[in-house]
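Notes for the structure review
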Amino acid sequence: MSDSLPSVTTEREWAAFAAIDWADQKHFWRLVPADSQHAEQGELDNTPEAVEVWATALERRFGGRPIAVCLEQKRGALVYMLAKYAHLVLFPVHPTTAARYRETFCSSGAKSDPSDTASLLDLLLRHRERLSPLQPDTTETRLLQFLVERRREVVDEKTAQSNRLTDCLKLYFPQILRWFDDVAGPLVGALLERWPSLQDLRRDHPGTLSKFFHEQNCRGEERIHERIAAIYQAVPATQDEAVLEAGAITARGLVAVLATLRDNIAKLDERIAQLVACHPETPLFDSLPGAGKALVPRLIVAFGTRRERYDSAYQVQCYSGIAPVKVASGKTQTIRFRRACPKFLRQTFHEFALHSLKKSEWARAYYQLQRDRHKSHHAAVRALAYKWIRIIFRCWKDGKPYDEATYLQSQRRRSATLGATVASVTAAGWKKVAGFNKFSAIPS
């Protein structure tokens with residue numbers, strides 16, 4: 001990357017332009033005043049104190065006027081350190097975008113912190129109109145976003161630890177997997193903590209086992225008797241003391257980890273429920289069919305409260321990864337799955353569309369239509385999510401909760417007005433069933 005700077009048109013709203021290449025220990029920064037062609041550069045320790053000195057010095061130097069700052073982070077320690085300064089306007093750039101821009105002028109692949117910072121500054125100066133400044137949502141919405149994302153991570157970790165416990169039990173105590181449905185639940189955890197192996201379990205009196213199950217809120221007497229009978233009829237999978245001791249220690253350790261994860265999930269659920277109960281967007285997203293207590297908060301943070309964030313539903317569809325990518329070259333044209341997107345956001349819309357099948361008649365009809373067109377299950381769900389985003393976007397923009405009856409009535413009016421045109425495009429319509437109008441994937 002050349003050190004020569006492009007011609008900068010002085011803009012009254014910007015006092016200077018800066019770029020920061022962040023790192024774990026030190027950040028390398030580069031800055032050029034709006035009325036100058038001379039670039040300044042330096043290093044910045046990754047500490048709140050060093051960032052405070054740097055930001056305060058810029059505020060004094062430029063009289064508090066806004067400074068555009070480009071960096072390869074949208075969320076992270078450096079962003080949170082800089083976001084509290086009103087005179088710094090952050091322009092986050094995706095790392096892939098920054099890397100591709102750098103490779104455009106440095107095809108050899110050579111890179112260093114100073115050259116990366118120069119590339120970021122060049123991107124800010126030349127293509128600022130294509131970058132979006134960081135505009136955080138409300139504190140409540142951002143907190144909700146952190147919590148729902150963290151909850152998903154903990155749930156995934158719980159699943160991973162549950163799979164490890166299952167593998168461990170298969171070695172020395174496989175009967176547990178047949179006797180209980182949820183190996184990661186508190187019942188199995190309490191049993192393994194007290195009796196880590198089948199041999200330990202069979203040494204106790206049946207009355208002790210019955211009392212244990214009652215203490216664990218197992219109320220089905222027939223089920224309890226079946227389990228106790230199975231315990232005394234079971235044959236140990238192995239008599240190898242090495243396997244038994246190692247398995248028991250491993251199982252108890254995994255049980256303790258699962259108990260901690262369950263407790264963490266419960267606390268996250270409690271706080272999320274508190275935030276959702278008082279969030280202004282809750283009535284809108286709570287009206288969506290299939291959006292329960294787990295998906296309502298995720299849909300809230302998917303759209304947020306800033307209505308100016310998106311101009312069209314298509315922007316949401318593309319950003320979330322629900323919209324496919326069209327690749328055309330010459331006479332060749334293909335439609336591909338969009339991989340560059342926030343995975344958690346795409347997962348949110350995908351899971352909501354899947355859950356809506358149980359609650360929405362038209363959603364079931366539309367999904368079945370996609371399946372009849374020989375689309376896979378996940379492709380059909382994505383197609384439904386694509387349609388749902390358009391509907392939710394309109395409700396979100398208008399600030400009105402979703403109403404299934406109103407939507408179906410609207411679809412019926414459109415079908416009556418446009419006739420065969422709509423039916424041929426959607427392949428869905430109304431038909432008479434037992435004297436009633438019913439929405440169907442096959443038009444009447």
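Procedures and definitions
- Residues numbered from 1 in each chain as written.
- Predicted model: local features only at pLDDT ≥ 70, side-chain atom pairs only at ≥ 80, totals over all residues.
- Heavy atoms only, no water.
- Helix = DSSP H or I, 4+ residues; strand = E, 2+ residues; numbered from the N terminus.
- Rg over C-alpha atoms; globule rule 2.2 N^0.38 Å.
- Buried < 20%, exposed > 50% of the residue type's maximum accessible area, 1.4 Å probe, protein only.
- Contact = heavy atoms within 4.5 Å.
- Lys, Arg positive; Asp, Glu negative; His and termini not counted.
- Charge placed at Lys NZ, Arg CZ, Asp CG, Glu CD.
- Axes fitted to C-alpha atoms, helices over the stretch in contact; angles between N-to-C directions.
- Parallel < 35°, antiparallel > 145°, perpendicular 65-115°, else oblique.
- Left-handed = near helix turned anticlockwise from the far one by under 90°.
- Nonpolar A, V, L, I, M, F, W, Y, C, P; charged D, E, K, R; others polar.
- Pairing = 2+ DSSP bridges.
- Core = buried A, V, L, I, M, F, W, Y, C linked by side-chain atoms within 4.5 Å.
- Salt bridge = Lys/Arg side-chain N within 4 Å of Asp/Glu carboxyl O.

**Examining the overall build of the protein**
Per the secondary structure count, the protein includes 19 helices and 9 strands. Against the 2.2 N^0.38 benchmark of 22 Å for 444 residues, the protein shows a C-alpha radius of gyration of 29 Å, more extended than a compact globule. Projecting the C-alpha coordinates of the protein onto the three principal axes gives extents of approximately 85 × 70 × 50 Å. When burial is assessed residue by residue, the protein has 44% of its 444 residues classed as buried. Partitioning the intrachain contacts of the protein with sequence separation of at least 6 by distance along the chain shows that 60% fall at a separation of at least 24. Counting 64 positive and 50 negative side-chain charges, the protein places the centres of these two groups 9 Å from one another.

**Quick look at the packing of helix α9 (residues 206-215) against helix α10 (residues 221-233)**
Between two packed helices, what matters for the description is the angle formed by their axes and the separation of those axes. For the pair α9 and α10, the least separation of the axes is 10 Å and the interaxial angle reads 135°. What the angle tells us is that α9 and α10 run oblique. The crossing of α9 and α10 is right-handed. Where α9 approaches α10, its residues P206, L209, S210, F213 and H214 are matched on the opposing element by E221, I224, R227, I228, I231 and Y232. Here the contact of α9 with α10 is built from residues that sort into 7 nonpolar, 2 polar and 2 charged.

**With respect to the sheet that holds strand β5 (residues 88-92)**
Strand pairing in a sheet relies on backbone hydrogen bonds. The paired strands run either parallel or antiparallel. Spatial ordering of the open sheet is given by β3-β2-β1-β4-β5, a layout of 5 strands whose pairing is mixed. Only two strands of the sheet have a single partner each, and these edge strands are β3 (40-45) and β5. Here the average twist between neighbouring strands, direction ignored, is 25°. On the sheet, helix α1 (residues 48-61) packs against β1 (16-21), β2 (26-33), β3, β4 (67-71) and β5 and is oriented at approximately 145° with respect to β3. Where helix α4 (residues 113-126) meets the sheet, its contacts fall on β1, β2, β4 and β5, and the angle it forms with β1 comes to roughly 140°.

**Concerning the nonpolar core**
The biggest cluster of nonpolar side chains holds 50 residues, and the ones touching the most others in it are F285, L288, F303, F349, W362 and W388. Here this core takes 12 residues from helix α17 (residues 377-398), the largest share from any one element. Once residues within four sequence positions are removed from consideration, F285 is found in contact with A291, V296, L299, I300, F303, I392 and W396. With 31 residues, the next largest nonpolar core counts Y172, L187, V188 and L254 among its residues.

**Focus: the environment of F28**
Mapped onto the secondary structure, F28 falls in strand β2. Note on F28: relative accessible area 10%, which makes it buried. Apart from the residues lying within four places of it in its own chain, the contact partners of F28 are A19, I20, D21, Q41, G42, E43, D113, P114 and T117.

**A few points about the pairing of β2**
Within β2, 7 of the 8 residues are buried, leaving the element largely enclosed by the surrounding structure. As paired elements, β1 and β2 share 6 bridges and run antiparallel to each other. Counterpart to A19 in the pairing with β2 is R30. Between β1 and β2, which pair antiparallel one after the other, the connecting turn spans 4 residues. Strand direction decides the pairing type here: β2 and β3, joined by 6 bridges, are antiparallel. Paired with L31 across the bridge in β3 is E40. Here β2 hands over to β3 after 6 residues, the two strands then running antiparallel side by side.

**As for the side chain of S210**
Relative to the helices and strands, S210 is located in helix α9. Under the relative-accessibility criterion, S210 is labelled buried at 17%. In this view, S210 contacts I224 and I228; residues no more than four positions away in its chain are not counted.

**With respect to the environment of T334**
Turning to its location among the elements, T334 is positioned in strand β7 (residues 332-336). Once the C-alpha coordinates of T334 and R414 are considered, the two residues, 80 residues apart in sequence, prove to be 31 Å apart. If we ignore the near neighbours within four places in the chain, the residues touching T334 are V325, K326 and V327.

**Some details on unusual backbone geometry**
A positive phi angle, close to 65°, is found at N217, a residue other than glycine. With respect to the helices, strands and loops of the structure, N217 is situated in the loop between α9 and α10. A positive phi is found at H374, a non-glycine position, where the angle reads about 70°. Tracing the backbone shows H374 in the loop between α16 (361-372) and α17. Assessed through its relative accessible area of 75%, H374 is described here as exposed.

**Focus on the pattern of salt bridges**
As enumerated under the stated definition, the model contains 14 salt bridges in all. D156 is the partner of R152 in a salt bridge, and the nearest nitrogen-oxygen pair spans 3.7 Å. A residue pair is termed a helical-turn pair when its members lie 3 or 4 positions apart in one helix, as R152 and D156 do in helix α5 (residues 139-172) at 4 residues. The exposure class assigned to D156 is partly exposed, which follows from its relative accessible area of 41%. D398 is the salt-bridge partner of R394, the closest N and O atoms lying 3.2 Å from each other.

**Considerations on the environment of R60**
If you trace the backbone, R60 turns up in helix α1. Residues R60 and A19, spaced 41 residues apart in sequence, show a C-alpha to C-alpha distance of 19 Å.

**What about the pairing of strand β6 (residues 325-329)?**
Counting buried residues in β6 gives 0 out of 5 residues, a small share hidden from the surface. Note: β6 against β7, 5 bridges, orientation antiparallel. In the sheet register, V325 faces β7, and the bridge partner there is R336. What sits between the antiparallel neighbours β6 and β7 is a turn of 2 residues, in which G330 has the positive phi angle 65°.

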